[in-house]
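Commentary on secondary and tertiary structure
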Amino acid sequence: MIVPIEQVISPDEEANQWEVPKMMQVLQKQGQIEPLQVKVYHDGKYAVFPFNYDVEILAAAKALGWKDILITIVKRYEQ
């Protein structure tokens, strides 16, 4: 599902600032090929799980000015 990037947050973990520039290069070269794994918060926000650089991908996409991002909701974590 494609959602506005401002609806996606990473509340539990900070992005590794050494990895964000690398992820920016990957996103610029190939785009986003895997959806971010998220759970749904009650306030309409999607929380990213810290799997496979998802937090860094989110930070990189925001730094690049992306308006939308691809996510998948992990049902077992949905609130």
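Further up the page is the structure itself.
A short tour of the structure in this document, coming up. (Residues numbered from 1 in each chain as written. Predicted model: local features only at pLDDT ≥ 70, side-chain atom pairs only at ≥ 80, totals over all residues. Heavy atoms only, no water.)

Observations regarding the overall build of the chain
The following threshold applies: To qualify as a helix, a DSSP run of H or I must reach at least 4 residues; to qualify as a strand, a run of E must reach at least 2; elements of each kind are numbered from the N terminus. In this scheme, a residue with accessible area under 20% of its type's maximum is buried, one over 50% is exposed, and one in between is partly exposed, where area comes from a 1.4 Å probe on protein chains only. Two residues form a contact once any of their heavy atoms are found within 4.5 Å. Residue-level accessible areas treat just the shown protein chains as cover; the underlying method is Shrake-Rupley with a 1.4 Å probe. Working convention for charge: Lys and Arg count positive, Asp and Glu count negative, and His plus the chain ends are omitted. Working definition for charges: the position is that of NZ of Lys, CZ of Arg, CG of Asp or CD of Glu.
Looking only at helices and strands, the chain features two helices and five strands. Listing each helix as α and each strand as β along the chain from the N terminus yields β-β-α-β-β-α-β. By principal-axis analysis of the C-alpha atoms, the chain measures approximately 35 × 20 × 20 Å. Every one of the 79 residues in the chain was classed for burial, and the buried ones make up 35%. Within the chain, contacts between residues at least 6 apart in sequence are counted, and of these 80% link residues at least 24 apart. As presented, the chain carries roughly 5,100 Å² of accessible surface, and 51% of it is formed by carbon and sulfur atoms. Distance from the positive charge centre (8 side chains) to the negative charge centre (11 side chains) of the chain: 3 Å.

What about the sheet that holds strand β3 (residues 36-40)?
What counts here: At least two bridges found by DSSP between two strands are what make those strands a pair.
Strands sit in the order β1-β5-β3-β4-β2 across an open sheet of five strands; the sheet is mixed. If you trace the sheet from one side to the other, it starts and ends with β1 (2-4) and β2 (8-9), each paired once. Taken together, the three bridges between β1 and strand β5 (residues 68-73) define a ladder with antiparallel strand orientation. Counted as the bridge partner of P4 is D68 from β5.

Concerning the pattern of salt bridges
How we decide: Between Lys or Arg on one side and Asp or Glu on the other, a salt bridge is scored when a side-chain nitrogen of the former is within 4 Å of a carboxyl oxygen of the latter.
Overall, the coordinates contain one salt bridge when judged by the stated rule. Notably, a salt bridge pairs K22 with E19, separated by 3.7 Å at the nearest N-O pair. Note on K22: relative accessible area 46%, which makes it partly exposed.

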